[in-house]
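Now for the letters of each chain:
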Amino acid sequence: MLVQLSRPRDPIGDERQRKKLEKRLLRETGRAIRDHGLIANGDRILVGMSGGKDSYTMMRMLSLLQAKAPVKFELVGVCIDQGYRGFRVDVVED
């Protein structure tokens, strides 16, 4: 039997990688919004929160941009319980 030992995780390196990825995603999201004129002053943006990492990432990027953007916009997160067994709305709400 072959047992593979994993190296202990480096919390500082993990944090550095997370920050680096967040910065890149933020830059690319801002570029897409600017290049395609996706957000205008006073917009209210509905973000569908499914509970997946893509919707959480979208909400995170937009909320970070909201604090820095030269235009003012509002974010509204919405989650629709479609009745799937085991779906935890409380986790998404938090």
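Quick caveat: nothing in here was measured; it's all calculated off a predicted structure.

A.B. asks: Describe in detail the overall build of the chain, supporting the description with residues and values.
C.D. replies: Helices and strands together make up the secondary structure of the chain, namely 3 helices and 2 strands. Counted from the first residue to the last, the chain has its helices and strands arranged as α-β-α-β-α. A total of 94 residues make up the chain; the buried ones form 19% of that total. A total of about 8,200 Å² of accessible surface is found on the chain, and carbon and sulfur atoms cover 54% of it.

A.B. asks: An account of the environment of cysteine 79 is requested, with residue identities and associated values reported.
C.D. replies: Relative to the helices and strands, cysteine 79 is located in the loop between β2 (74-78) and α3 (89-93). Residue classification places cysteine 79 among the partly exposed residues on the basis of a relative accessible area of 26%. As a C-alpha pair, cysteine 79 and methionine 49 span 30 residues in sequence and 4.9 Å in three-dimensional space. For cysteine 79, the contacting residues outside a window of four places in its chain are Met49, Phe87 and Val92.

A.B. asks: Tell me about the layout of surface pockets, and please be specific about residues and values.
C.D. replies: A probe as big as a water molecule, rolled over the atoms, marks out the empty space that is left. Counted as a void, the largest pocket has a volume near 190 Å³. Counting only elements with at least two residues in the lining of the largest pocket, the list comes to α1 (11-36) and α2 (53-68). The element contributing the most residues to the lining of the largest pocket is α1, with 3 residues. The residue makeup of the lining of the largest pocket, split by class, is 7 nonpolar, 1 polar and 2 charged.

A.B. asks: Give a detailed account of a positive patch on the surface, specifying residues and quantitative values.
C.D. replies: The grouping of Lys23, Arg24, Arg27 and Lys68 at the surface amounts to a positive patch. Examining the composition of the positive patch, we find that 3 residues originate from one element, α1, more than from any other. Its place among the elements puts arginine 24 in helix α1. A relative accessible area of 51% means that arginine 24 is categorised as exposed.

A.B. asks: Kindly report on the nonpolar core, identifying the contributing residues and their values.
C.D. replies: In globular proteins that are soluble, nonpolar side chains generally tend to be buried together. Formed by 14 residues in total, the largest nonpolar core has its most connected members in Ile39, Ile45, Val47, Leu62, Phe73 and Leu75. Elements supplying a minimum of two residues to this core: α1, β1 (44-48) and α2. It is α2 that contributes the most residues to this core, 4 residues altogether. Not counting chain neighbours up to four residues away, the residues in contact with leucine 62 comprise Ile33, Ile39, Ile45, Val47, Phe73 and Leu75.

A.B. asks: Lay out the side chain of glutamate 22 in plain terms, naming residues and giving numbers.
C.D. replies: Mapped onto the elements of the fold, glutamate 22 is located in helix α1. Note on glutamate 22: relative accessible area 15%, which makes it buried.

A.B. asks: Describe the pattern of salt bridges, listing the residues and the values that go with them.
C.D. replies: If you walk through the whole model with that rule in mind, you get 6 salt bridges. Residues glutamate 28 and arginine 31 are paired through a salt bridge, measuring 3.3 Å at the closest nitrogen-oxygen approach. With glutamate 28 and arginine 31 both in helix α1 and 3 residues apart, the pair spans about one turn of that helix. Overall, glutamate 28 belongs to the partly exposed group, its relative accessible area being 35%. Arginine 34 serves as the salt-bridge partner of aspartate 35, at 3.2 Å between the closest nitrogen and oxygen. One continuous salt-bridge network, built from bridges that share partners, spans Glu15, Arg18, Glu22 and Arg60.

The rules we used
Residues numbered from 1 in each chain as written. Predicted model: local features only at pLDDT ≥ 70, side-chain atom pairs only at ≥ 80, totals over all residues. Heavy atoms only, no water. Helix = DSSP H or I, 4+ residues; strand = E, 2+ residues; numbered from the N terminus. Buried < 20%, exposed > 50% of the residue type's maximum accessible area, 1.4 Å probe, protein only. Areas by Shrake-Rupley, 256 points an atom, 1.4 Å probe, with all protein chains shown as cover. Contact = heavy atoms within 4.5 Å. 1 Å grid on protein atoms, 1.4 Å probe; cavity = no way out; pocket = protein on both sides within 12 Å on 5 of 7 lines; lining within 4 Å. Points joined across faces, edges and corners; volume = space filled by probe spheres on them. Nonpolar A, V, L, I, M, F, W, Y, C, P; charged D, E, K, R; others polar. Patch = residues over 30% accessible without salt bridge, like charges linked within 9 Å, V, L, I, M, F, W, Y side chains within 5 Å. Salt bridge = Lys/Arg side-chain N within 4 Å of Asp/Glu carboxyl O. Lys, Arg positive; Asp, Glu negative; His and termini not counted. Charge placed at Lys NZ, Arg CZ, Asp CG, Glu CD. Core = buried A, V, L, I, M, F, W, Y, C linked by side-chain atoms within 4.5 Å.

Without other data, these values stay purely geometric and don't point to any function.
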